Amino acid sequence: MRKPLIMGNWKMYKTVPEAVRLVKQLKVMLADTVDVEIAVCPPFTALQAVGEVIKGSALKLGAQNLFWEKEGAYTGEISPEMLTDIGVDYCIIGHSERRAYFHETDADVNRKVKAALAAGLGVVMCVGETLEQRRAGLTQRVVEEQVTNGLAGLEVSQADKLVIAYEPVWAIGTGENATGQDAAEVIAMIRRVAAGIVGEEIAAEMRILYGGSVKPGNIKEFMAQPEIDGALVGGASLDASSFAQIVRYN
Ligand code: PGA
């Protein structure tokens, strides 16, 4: 059985006091949640403070990016080991905003995924097509390529460490979401492609999330699809009560 994962991606929002306030609220609101794994991904500056608040609770801590080297003269970068050092459990890798604004390629994503897993971090690798690609009927091809390249040469021993998030770019922050059925179809394809790389067993056990304008009002539609194992939530994760409603979707 795949335990659903609902992850809040706070992006470049929240100062340290704001982040601490938000996670304290979540900790109280979601204290009795057992059937869903919950993670929050604050900006780097707030990771440690948020980690202190959730210590001893079921909430998990995620980062939004990393660099693949362990250490070195890479001004401005953060290594996987620096993240595990402060108790980070997961790292989002290859988010479409990083691909679009910071020119991350599939090859970069692949190096980051490998380095993160080697350091013992859980990975949430993001894939998804743009509006133009969707209109041109290229969704399956684009996503298949991102999955194939992103996971290339990967050896995964623990399925719970590898998560893929299908996030159609046109649905991110736009209020326009994919339908549950559309998302489930792409996600089923992602699982088939992943099986060819990491093996049937790991692919059957790993979680594949949907992301893109997930809100309290539409989470049920996604979670009703057996193929969809949770959600990566941006905007709606910045408010404690809306994120808590999403986590308590049933
Ligand atoms: P959104 O963002 O929920 O605000 O659409 C999702 C994401 O970027 O992970």
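Since the structure is predicted, the reported quantities are computational estimates derived from the model, not experimental observations.

*Asks:* Looking at this structure, how should I read the overall build of the protein chain?
*Replies:* Looking only at helices and strands, one finds 11 helices and eight strands in the protein chain. Judged by the C-alpha coordinates and their principal axes, the protein chain covers about 45 × 45 × 35 Å. Expressed as a percentage of its 250 residues, the buried residues of the protein chain come to 53%. Taking the contacts inside the protein chain whose residues are at least 6 apart along the sequence as the reference set, 72% of them involve residues at least 24 apart. Carbon and sulfur atoms make up 51% of the accessible area of the protein chain, which amounts to about 11400 Å² in all.

*Asks:* Help me out: how do you make sense of helix 11 (residues 240–247) in this one?
*Replies:* An α-helical turn contains 3.6 residues, so any two residues separated by three or four positions project in the same direction. For helix 11, a buried count of six out of eight residues is recorded, marking the element as mostly surrounded by other parts of the structure. Taken together, the buried positions of helix 11 are A240, S242, F243, A244, I246 and V247.

*Asks:* Looking at this structure, I do not really get the state of the cysteines. What am I missing?
*Replies:* A covalent bond between the sulfur atoms of two cysteines is referred to as a disulfide. Applying the stated criterion across every chain yields a total of zero disulfides. Sulfur of C91: no disulfide; nearest cysteine sulfur belongs to C41 and is 8.0 Å away. Cysteine C126 shares no disulfide, and the gap to the nearest cysteine sulfur, in C41, comes to 9.3 Å. The class for C126 is buried, based on a relative accessible area of 1%.

*Asks:* Would you explain the site of the ligand in this entry?
*Replies:* The environment of the ligand is made up of 13 residues, and the closest members are K11, H95, E167, G173 and S213. One of the side-chain nitrogen or oxygen atoms of K11 is found 2.7 Å away from an oxygen atom of the ligand. Residues of the shell around the ligand, tallied by class, amount to four nonpolar, seven polar and two charged.

*Asks:* How should the packing of aromatic side chains be read in this particular structure?
*Replies:* For any pair of aromatic rings, the description rests on two quantities: the centre-to-centre distance and the angle between the ring planes. Using the criterion set out here, one finds five aromatic pairs in the structure. Clustering of aromatic rings is evident, with ring pairs tying together F67, W68 and Y74.

*Asks:* Please explain the nonpolar core as it appears in this structure.
*Replies:* The tendency in soluble globular proteins is for nonpolar side chains to be buried side by side. Grouped together as the largest cluster of nonpolar side chains are 73 residues, with contacts concentrated most on I6, I164, I190, Y210 and F243. With 10 residues, the top contributor of residues to this core is helix 8 (residues 180–198). Counting residues in each nonpolar core, the second largest holds 12 residues, with L5, I92, A165 and L232 among its members.

*Asks:* What exactly am I supposed to notice about unusual backbone geometry here?
*Replies:* Working note: non-glycine residues mostly have negative phi, and peptide bonds are mostly trans. Not every positive phi belongs to a glycine, and K11 is a case in point at roughly 50°. Mapped onto the elements of the fold, K11 is located in the loop between strand 1 (5–9) and helix 1 (16–29). For K11, a relative accessible area of 18% translates into the label buried. The backbone of K14 shows a phi angle near 90°, a positive value even though the residue is not glycine. By relative accessible area, K14 is classed as partly exposed at 25%.

*Asks:* Can you help me understand the pattern of salt bridges in this one?
*Replies:* When the charged atoms of two side chains with opposite charge come close together, those side chains can pair. Scanning all chains against the criterion turns up 12 salt bridges. Between E227 and R191 there is a salt bridge, with the nearest N and O atoms lying 3.1 Å from each other. Here E227, found in the loop between helix 10 (219–223) and strand 8 (230–233), pairs with R191, found in helix 8; they are 36 residues apart in sequence, far enough to count as distant. Its relative accessible area of 24% is what places E227 among the partly exposed residues.

Conventions and cut-offs
- Residues numbered from 1 in each chain as written.
- Predicted model: local features only at pLDDT ≥ 70, side-chain atom pairs only at ≥ 80, totals over all residues.
- Heavy atoms only, no water.
- Helix = DSSP H or I, 4+ residues; strand = E, 2+ residues; numbered from the N terminus.
- Buried < 20%, exposed > 50% of the residue type's maximum accessible area, 1.4 Å probe, protein only.
- Contact = heavy atoms within 4.5 Å.
- Areas by Shrake-Rupley, 256 points an atom, 1.4 Å probe, with all protein chains shown as cover.
- Disulfide = S-S within 2.5 Å.
- Near = heavy atom within 4 Å.
- Polar contact = N/O pair within 3.5 Å; in protein donor to acceptor, adjacent residues only side chain to side chain.
- Nonpolar A, V, L, I, M, F, W, Y, C, P; charged D, E, K, R; others polar.
- Phe/Tyr/Trp six-rings, centres within 6.5 Å; stacked < 30°, edge-to-face > 60°.
- Core = buried A, V, L, I, M, F, W, Y, C linked by side-chain atoms within 4.5 Å.
- Salt bridge = Lys/Arg side-chain N within 4 Å of Asp/Glu carboxyl O.

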